[in-house]
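Chain by chain, the residues run as shown.
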Amino acid sequence: MAKQPVESPGPIPLPPHAADAAPAPVSTSLDETYQRLEDFVRSRRPADDFEALRRAFEFARERHSKQTRVSGEPYMAHPLAVAWILAEMQMDMVCLQTGLLHDTVEDTTATVDEIRKLFGEDVARCVNGVTKLSKINLHNREERQAESVRKMLLAMVEDIRVIIVKLADRLHNLRTLQSLSRERQERIAAETIELYAPIAHRLGMGKLRGELEDLGFRYLDPQAWNEVTAEIESRRQASEHGLEEIRVTVEEKLAEEHIPAKVYARVKRPWSVHQKLRKQRISIDQVYDLLGVRIITDSVKNCYAALGVIHNEWHPIPGRIKDFIAIPRPNLYQSLHTSVMGPGGVAFEVQIRTEEMHRVAEEGIAAHWKYKEGKRGPAEDDQRIAWLRQLVEWQREVRDPADFMSNLKVDLYPEEVYCFTPMGRVVVLPRDATPVDFAYSIHTHVGHTCTGAKVNGRMVPLKHGLRNGDIVEILTQNGSQPSRDWLSFVKTARARNKIRHVINATEREKAIELGQKVLEREARRLGVAMSRVTRQQMEAVAGEYGCSKIEDLQAALGWGKFSARQVLSKLAPNEVAPEAPPETPAAPTVAPERERPGSEKDYVIQVKGMNDLLTYRAKCCNAIRGEPIVGYITRGKGVAVHSKNCPNVQNLMYEAERKIDVEWARGARDSFQVRLVVHTDDRAGMLNQLTQILFSEDINIRSVEAHADEKSFDSAVVEMTVEVRDKKQLERIVTAMRRVSGVRDIERVH
Ligand code: MN
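Predicted, not measured: the structure shown is a model, and the values here were computed from it. (Residues numbered from 1 in each chain as written. Predicted model: local features only at pLDDT ≥ 70, side-chain atom pairs only at ≥ 80, totals over all residues. Heavy atoms only, no water.)

A few points about the coordination of the manganese ion
Our working definition: Atoms of type N, O and S within 2.8 Å of a metal are treated as its donors, and for Na, K and Ca the window is 3.2 Å; water is not considered, so some sites may appear to be missing partners. A run of H or I in DSSP becomes a helix once it reaches four residues, and a run of E becomes a strand once it reaches two; helices and strands are each numbered from the N terminus. Residue burial is assigned from relative accessible area. The probe radius is 1.4 Å, only protein chains are included, and a residue is buried under 20% of its type maximum, exposed over 50%, and partly exposed in between.
Looking at the manganese ion, the protein donor atoms are H78 (NE2), H102 (NE2), D103 (OD) and D169 (OD), and they sit 2.1 to 2.4 Å from it. Here the donor residues for the manganese ion map to a single chain with the spacing H-x23-H-D-x65-D. Here H78, found in helix 3 (residues 77-88), pairs with H102, found in the loop between helix 4 (93-101) and helix 5 (104-107); they are 24 residues apart in sequence, far enough to count as distant. The burial state of H78 is the same as that of H102; both residues are buried.

Structure (structure tokens):
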């Protein structure tokens with residue numbers, strides 16, 4: 001800016017437009033309109049690829065050829081107008097092409113692949129992004145979802161140009177809203193106010209935001225709009241003379257102090273005034289910033305100098321000075337604001353900023369995609385990323401609840417994902433959430449009966465990590481129940497609690513069943529006739545144990561909290577001694593290990609006499625079929641099955657009554673993973689010989705690895721994980737391996 005006396009731009013000029021305003025295209029032929037667009041862009045940047053722009057126009061026109069808008073114009077008039085808005089914003093070629101093509105995938109036979117082939121990766125990505133956004137069904141959503149939707153829109157776009165095109169699209173829709181039904185006008189206007197204007201604000205695009213809000217306001221509440229605009233106009237007219245006087249005075253005072261500046265009169269926008277009246281419950285006369293002047297100077301230093309000049313001339317209204325230069329708003333808006341008492345007791349607001357700050361205030365993030373002469377270097381991309389990062393960081397730091405803009409805050413939450421139901425409802429979940437989390441956030445019943453999920457139409461595992469913008473469809477089956485496995489991957493507390501609840505209920509049932517069996521078995525062993533025990537007796541004993549119901553006592557027995565023998569000693573004191581002698585080797589509930597001929601045939605683990613109890617093989621010893629095993633009732637996880645040789649078993653037996661007999665049940669043909677470490681001489685062919693043995697037994701090898709033994713120069717170690725059918729088979733292969741010359745030792749490791 002020149003340091004010369006500032007020329008007055010004339011009586012009450014409007015604020016400068018960010019882009020050179022081109023005459024808006026009037027209804028002419030599509031070809032003519034396109035030609036004017038191309039000429040307009042060419043006049044500013046002759047080096048651009050206009051062949052590509054024309055191809056985009058022709059492709060879109062061809063695809064939209066059979067469609068018309070409600071107004072009766074050819075459909076193509078809309079994408080052309082969107083491209084025009086983007087051209088006025090001086091957006092780059094990718095944006096302009098996207099503007100022309102933005103509805104082709106959504107509304108015509110065109111595909112993203114086609115766009116990619118014809119117009120390249122960037123344009124395809126942007127068109128795809130705009131298409132995804134328009135697929136979101138925003139009707140009938142609840143008010144409180146607006147914030148989520150705003151966040152989601154920002155989080156799901158890979159390229160911020162998608163948002164810029166979408167906003168231009170929305171602006172044109174609003175400008176042509178008059179031909180739609182009242183109902184659709186209201187819906188589009190409400191959506192604009194709730195969703196798109198705050199996004200424009202969030203991205204610092206002040207000019208676009210203002211236009212979206214005022215157009216939206218006009219259709220959303222025409223009566224209020226009429227009232228507010230009439231009030232503003234009458235005040236503007238009444239103060240016109242005074243305001244111009246102020247403007248000239250400001251110019252003169254600044255010139256005296258050698259502060260170069262342009263001074264503009266400004267009037268607050270109708271929607272902002274309306275908001276302020278509504279939120280602060282004040283009258284329009286108390287809106288101090290209704291009228292004002294904006295000073296645009298050349299440096300930060302001169303911003304503060306100008307503020308001093310203003311305060312020297314007029315009396316500042318206390319509490320109205322805001323320094324957004326020192327502390328920018330979350331959307332990076334910077335300015336000094338002050339309200340002063342003007343001549344005749346009329347308050348007016350002064351905004352002071354540099355040209356650069358003004359550009360940011362008007363264009364925001366769009367400024368970074370503006371066409372510039374020459375090729376864009378990587379430094380500029382970095383700058384954009386820095387801009388976005390700064391945006392996110394500001395968002396985190398600026399947590400001032402007093403900030404009256406905070407309700408318009410839109411965060412770029414990296415720790416959340418935004419997904420949709422097939423009906424377009426937004427579901428906000430923590431990062432890496434799964435379809436199970438999604439199902440539970442829809443409804444508990446959907447979670448419980450969930451059996452599968454489709455993401456974007458494709459089947460996925462239930463533990464699949466969801467991504468922003470995924471459309472998630474949950475498959476359910478009545479009677480289906482949550483699985484304990486789900487607990488290992490769900491991310492939301494809600495899902496976890498609901499799953500636990502069901503599992504606990506199921507396990508309680510099983511514990512009750514187990515408790516009954518344990519009690520009956522022990523009664524048989526000790527010769528107590530359970531048939532003679534009355535319900536009242538049972539209830540009385542349950543009460544003694546602090547259980548209000550018989551089932552509670554049975555469950556406690558099943559969980560192993562009390563011993564069956566003790567309970568029996570209370571039920572039948574004459575037949576059962578109150579305490580088992582401490583030397584009793586086996587726990588009361590455990591039947592002595594019987595000889596079971598053929599017991600090493602085909603078995604899966606089951607608790608003796610009970611088919612339905614939860615059992616799992618303890619990881620510490622990983623028992624395989626045929627090995628002697630013992631069950632141990634855990635608290636809440638069912639029966640853990642250990643090998644009898646497992647060192648842990650000895651430790652566990654201090655609570656002997658929690659031990660329970662288990663056996664390898666008939667029928668199943670599963671396999672057991674076993675890890676073997678073979679110590680051998682270091683010689684060629686060893687690995688081959690060992691694996692031949694496995695092949696001859698038809699054993700599946702999960703992994704095998706041979707390496708020299710670091711501790712000894714002439715020996716080697718072969719580590720393998722194999723799947724065996726049972727203990728016998730394992731013994732056979734171990735014996736065979738031991739016979740191989742050079743094998744020194746074989747260990748089974750857990
Ligand atoms: Mn459109």
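Some words on the packing of helix 6 (residues 112-135) against helix 8 (residues 160-175)
Filter applied, for reference: Angles here are taken between N-to-C directions and fall from 0 to 180 degrees, while the axes themselves are lines fitted to C-alpha atoms, restricted in helices to the stretch in contact. Working rule for angles: under 35 degrees goes down as roughly parallel, over 145 as roughly antiparallel, 65 to 115 as roughly perpendicular, anything else as oblique. Left-handed is the label given to a crossing in which the near helix is rotated counterclockwise from the far helix by less than a right angle, and right-handed is the label when the rotation is clockwise. By the convention used here, residues are in contact when the closest approach between their heavy atoms is within 4.5 Å. Ten residue types, Ala, Val, Leu, Ile, Met, Phe, Trp, Tyr, Cys and Pro, are classed as nonpolar, four, Asp, Glu, Lys and Arg, as charged, and the remainder, Gly among them, as polar.
Where helix 6 meets helix 8, the axes come as close as 9 Å, and the angle between the chain directions of the two elements is 55 degrees. When the interaxial angle is binned, helix 6 and helix 8 end up oblique. The element helix 6 and its partner helix 8 pack so that their crossing is right-handed. Across the interface between the two elements, D122, R125, C126, G129, V130, L133 and S134 from helix 6 touch R161, V162, I163, V165 and K166 from helix 8. Residue composition of the contact of helix 6 with helix 8, grouped by class: 6 nonpolar, 2 polar and 4 charged.

Brief notes about the confidence of the model for the protein
Test applied: pLDDT expresses, on a scale from 0 to 100, how confident the predictor is about each individual residue.
Predicted confidence across the protein gives a mean pLDDT of 78, with 79% of residues reaching 70 or more. Segment residues 373-386 is flagged for pLDDT under 50; beyond a separation of four residues in sequence, or across chains, it makes 10 contacts in the model.

With respect to the pattern of salt bridges
Definition in use: By convention in these notes, a salt bridge is any Lys or Arg side-chain nitrogen within 4 Å of a carboxyl oxygen on Asp or Glu.
Counted according to the given criterion, the structure contains 39 salt bridges. Notably, a salt bridge pairs R209 with E213, separated by 3.0 Å at the nearest N-O pair. You can see R209 and its partner E213 sitting in helix 10 (residues 206-220), 4 residues apart, about one turn around the helix. Under the relative-accessibility criterion, R209 is labelled buried at 17%. Of the charged contacts, one joins R236 and E233 as a salt bridge, the two residues approaching to 3.0 Å between their closest N and O atoms. Here E233 and R236 lie together in helix 11 (residues 222-256), a separation of 3 residues that amounts to about one turn. Overlapping salt bridges, with partners in common, bring together E38, R42, R54 and E58 in one network.

Regarding unusual backbone geometry
Its identity as a non-glycine residue notwithstanding, Q90 has a phi of 60 degrees, on the positive side. On the secondary structure map, Q90 appears in the loop between helix 3 and helix 4. The backbone of H258 sits at a positive phi, close to 60 degrees, despite the residue not being glycine. Residue H258 is classed as exposed on the basis of its relative accessible area, which comes to 69%.

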